[in-house]
Every structure is written in C-alpha cells, then in structure tokens.
Amino acid sequence: MEYNQLGNSDLKVSEICLGTMTYGRQNTIEEAHQQLDYAINQGINFIDAAEMYPVPPSEETYGLTETYIGEWLKHQQRDKLIIATKIAGPGRGFKWLRGGAEGIERNNIKQAIDDSLARLQTDYIDLYQIHWPDRYVPRFGQTVFDPRQVKETVPIAEQLEVFADVIKAGKIRYVGLSNETPWGVVQFSQAAKQLGLPKVASIQNAYNLLNRVFDGALAETVYYENIPLLAYSPLGFGYLTGKYLNGKPEKTRVTLFENFGQRYLKPNVQEAVAAYVEIAKRHQLSPAQLAIAFVRSRWFVASTIIGATTLEQLKDNIESINVVLDKDILAEIDIVHTQSPNPAP
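Residues numbered from 1 in each chain as written. Predicted model: local features only at pLDDT ≥ 70, side-chain atom pairs only at ≥ 80, totals over all residues. Heavy atoms only, no water.

Caption draft 1: Representation of the overall build of the chain within the structure. Regarding its fold elements, the chain presents eleven helices and ten strands. Considered along the principal axes of its C-alpha atoms, the chain spans approximately 55 × 45 × 40 Å. A buried classification covers 57% of the 345 residues belonging to the chain. By sequence separation, contacts in the chain at least 24 residues apart represent 78% of the contacts at least 6 residues apart. As displayed, the chain has an accessible area near 14,900 Å², and 49% of this comes from carbon and sulfur atoms. Measuring between centres, the 34 positive side-chain charges of the chain sit 2 Å from its 40 negative side-chain charges. (Helix = DSSP H or I, 4+ residues; strand = E, 2+ residues; numbered from the N terminus. Buried < 20%, exposed > 50% of the residue type's maximum accessible area, 1.4 Å probe, protein only. Contact = heavy atoms within 4.5 Å. Areas by Shrake-Rupley, 256 points an atom, 1.4 Å probe, with all protein chains shown as cover. Lys, Arg positive; Asp, Glu negative; His and termini not counted. Charge placed at Lys NZ, Arg CZ, Asp CG, Glu CD.)

So this is what it looks like as structure tokens:
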C-alpha cells in the first residue's frame, strides 16, 4: 500500500480509501466491522463516510453508517486512522435532516459536525467535506447548467469562516469539497488566499472508465491549486465489474433500489463496459482490478474510494494495488474511450 500527501495538508492517505455508504442498508454492523478490520489489516488508513449515509438516504437509516463506524472506531488507535465524513448540502428535500435545515451556514455546520462526532465516537474529524455545493450546480449525472435554477446561496467566504472556527476549536482538521466544479474550486481557493481562511485539502468527485469528465477543466484547476482528487465510484456503480452485462443479479443496488444510478442507464454504457471487460480478460485481470488500477494511475488522484457489500468483493478491489497498467493496456483503454467517450458523466 502506498500513501499520498493530501494537497497542502499533513495528511498522508492510503492510495485506497474504504467507502462505507452501504453500512446500515446493504451491510449489517457485523459485516461493516469485518470489512473495516480487513481493510486496516491490508494497510488502508483512510475511511470515508457522510452524515446522510447509507444510501439511498432515508429518515429511518440516517446516520447509521457513522454509527456503525463509531462502534468500531472506539476500539482503534485513533491517531493511526484518517476519518473523513461530509455535511449534506441543500436541494435534496431531506425534511428529516435537522428539520430540513440543509444550508452550509454556521448553525447547520456546527450541528452537523457535533452530530457526526457523537455518532463516530471521536473527538475530531480529519477531513470534513461539503457533500455537494450550497449553490445550484448540475450534479449526480446532470450535465447541463440551467441559469433559471440559480438561487440565493451562502457566500463561500462565509462558509470557510465557519470552518476556520471549527478547526480552531479542534473538531475538524481539514476541509474538503465534493461534487464540485472548476468555478467552485477556484472560488474556494481565492477566498482562502485573500482572507487567510482554511485552504481546501481535496475534492471528491466521481471518476471512472465511464466518466472521465475530470480529465478536462477540473484536472487543470486542481493542478494549479494543488487540490487532489478522491475518486469515488471507480467501478461505476458496479457496472465496470461486468455483472450487469447479462441482466441484473439479485441483491445489488441496481436491483434493490429502483431509479438508483440513472447515469449508468445512458446509451453506450453497456458497449463500453463490454469492451473494458474484454481488455481485462486479455490481460488476465478481473474487470474490477482493471477499473480501479486505471483510476489509481491518474496523476491527480490521491486516493481511490472503493466500496463493497461482500468481503470477497473487498479483497478483489484491494488486490488492485498490485496491478500496474502498462502503456499498451492504457492505449487499449484510450481506444475504447475515444469510441465511447464518457457515456455516464
């Protein structure tokens, strides 16, 4: 396992991060703790959660993921681990989340952090991320910006001022973004520089063989701002394992939760998946290992967030750290990408 510096922070994160959004929905607390134990034994020191997890989010399951992690975390050597979680942004209509108060503003931020700390049973959070922007942006598979949806928003400087206070109080160490745009990253960076506020340490966006949108303007932005990517969905909701090529297996997210993962139902997804699976077979790799190894190979990725519902899946995903894609395999991948560019942005 290799460890990478997270931007300008002093956090050194494992190249694989354990994602946990199935804990409390598809995974029991016992299964979650089994996964956590195995991951740590393999050298993973980075665990990612969110206040709204598990997904799909609901009032009944809200906060269960952090609760499951907390029951495990209280028995661990805390300073050896990097714990990340997120505050939910506005616009999703979660009336059960703090009475519908979802803005990234002072009272909401402080309450969300205190609640996460209680569930995680820890005194501090290493990386606290804004799950999606306070302002309107296209997100989760949307690709077109609509000016008519622009709304009043909490100024970015004001958001950072609150995080500065919480960092000073010792409750969080660093701030991160998620599902952010190039414009947003630049605005956070400029506000931090001009006002002496906390610099963003990372950005967590979707990135995989079916969605390489990050390669363009966002890659340029994070290069100049030194804000690395924490890549989520490296397996494209499981599609890149090839398991959906011949139907929908039982007990998978796509089967269990109707209308979940709509971006992967777009044209050319299955054709691209089949082509990537064929590349994996030719080179004696599992499709999952090929997909994760590709994400790990990108210069802007500090850590690749994997998630699994079974221990066997988790083992296969972590095994990808032993896979290094040579220039011939990368060339084959680029041929498919040229033929089917970003079918699931």
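Caption draft 2: A look at a nonpolar patch on the surface. A contiguous nonpolar patch, built from Tyr-223, Tyr-224 and Trp-299 and spanning about 460 Å² of accessible area, is present on the exposed surface. By relative accessible area, Tyr-224 is classed as exposed at 61%. (Patch = residues over 30% accessible without salt bridge, like charges linked within 9 Å, V, L, I, M, F, W, Y side chains within 5 Å. Salt bridge = Lys/Arg side-chain N within 4 Å of Asp/Glu carboxyl O.)

Caption draft 3: Summary view of the sheet that holds strand S4 (residues 46–48). Spatially, the eight strands close up into a barrel ordered S3-S4-S5-S6-S7-S8-S9-S10, and their pairing is parallel. On average, adjacent strands in this sheet sit at an angle of 30 degrees to one another, irrespective of strand direction. Sheet topology places strand S8 (residues 202–206) next to strand S9 (residues 229–232); four bridges connect them, and they run parallel. Each bridged residue has a counterpart across the sheet, and for Gln-204 the counterpart in S9 is Leu-230. (Pairing = 2+ DSSP bridges. Axes fitted to C-alpha atoms, helices over the stretch in contact; angles between N-to-C directions.)

Caption draft 4: Molecular detail of the environment of Pro-147. Looking at the element boundaries, Pro-147 is found in the loop between strand S6 (125–130) and helix H4 (156–168). Note: C-alpha distance between Pro-147 and Tyr-136 (eleven residues apart in sequence) is 9.0 Å.

Caption draft 5: Up close: the packing of aromatic side chains. Within the structure shown, the criterion is met by 14 aromatic pairs. Summarising the aromatic geometry, the rings of Tyr-223 and Tyr-224 are spaced 5.0 Å apart at their centres and angled 80 degrees between planes, so their arrangement reads as edge-to-face. Ring plane angle 85 degrees and centroid distance 5.9 Å describe the contact between Tyr-223 and Trp-299, whose orientation is recorded as edge-to-face. Placement of the pair is Tyr-223 in helix H6 (residues 217–225) and Trp-299 in the loop between helix H9 (287–296) and strand S10 (301–306), with a sequence separation of 76 residues. Trp-299 shares its class with Tyr-223; the two are exposed. (Phe/Tyr/Trp six-rings, centres within 6.5 Å; stacked < 30°, edge-to-face > 60°.)

Caption draft 6: Expanded view of the pairing of S10. Burial within S10 is extensive, with six of its six residues counted as buried. Where S9 meets S10, three bridges bridge the pair, whose relative direction is parallel. Each residue of the ladder has a partner; that of Leu-230, found in S10, is Ser-303.

Caption draft 7: Structural context of the side chain of Thr-304. The residue Thr-304 is located in strand S10 in this model. The buried category is assigned to Thr-304, whose relative accessible area is 0%. Excluding residues within four positions of it along the chain, Thr-304 makes contact with Glu-15, Ile-16, Cys-17, Ala-231, Pro-234, Ile-292, Val-295 and Arg-296.

Caption draft 8: Up close: H6. Of the residues making up H6, those classed as buried are Leu-218, Ala-219, Thr-221, Val-222 and Glu-225. The arc that holds the buried residues of H6, viewed along the axis, is 160 degrees, so those residues lie on one side. Set apart from the buried face of H6 by more than 90 degrees, the exposed residues are Tyr-223 and Tyr-224. Summarising the contacts, the buried residues of H6 are in contact with helix H5 (182–195) and S8. One or two positions beyond H6, positive phi appears at Asn-226, with a value near 55 degrees. (Arc of directions from axis to C-beta.)

Caption draft 9: How the structure looks around helix H2 (residues 64–73). H2 sits mainly inside the fold: seven of its ten residues count as buried. The elements touched by buried residues of H2 are helix H1 (29–41), S4, strand S5 (82–87) and helix H3 (106–120).

Caption draft 10: Broad picture of the layout of surface pockets. A volume near 450 Å³ is recorded for the second largest pocket. Taken together, 20 residues form the lining of the second largest pocket, with Pro-138, Glu-180, Asn-205, Val-213 and Leu-218 sitting closest to its centre. For the lining of the second largest pocket, the secondary structure elements donating two or more residues are S8 and H6. (1 Å grid on protein atoms, 1.4 Å probe; cavity = no way out; pocket = protein on both sides within 12 Å on 5 of 7 lines; lining within 4 Å. Points joined across faces, edges and corners; volume = space filled by probe spheres on them.)

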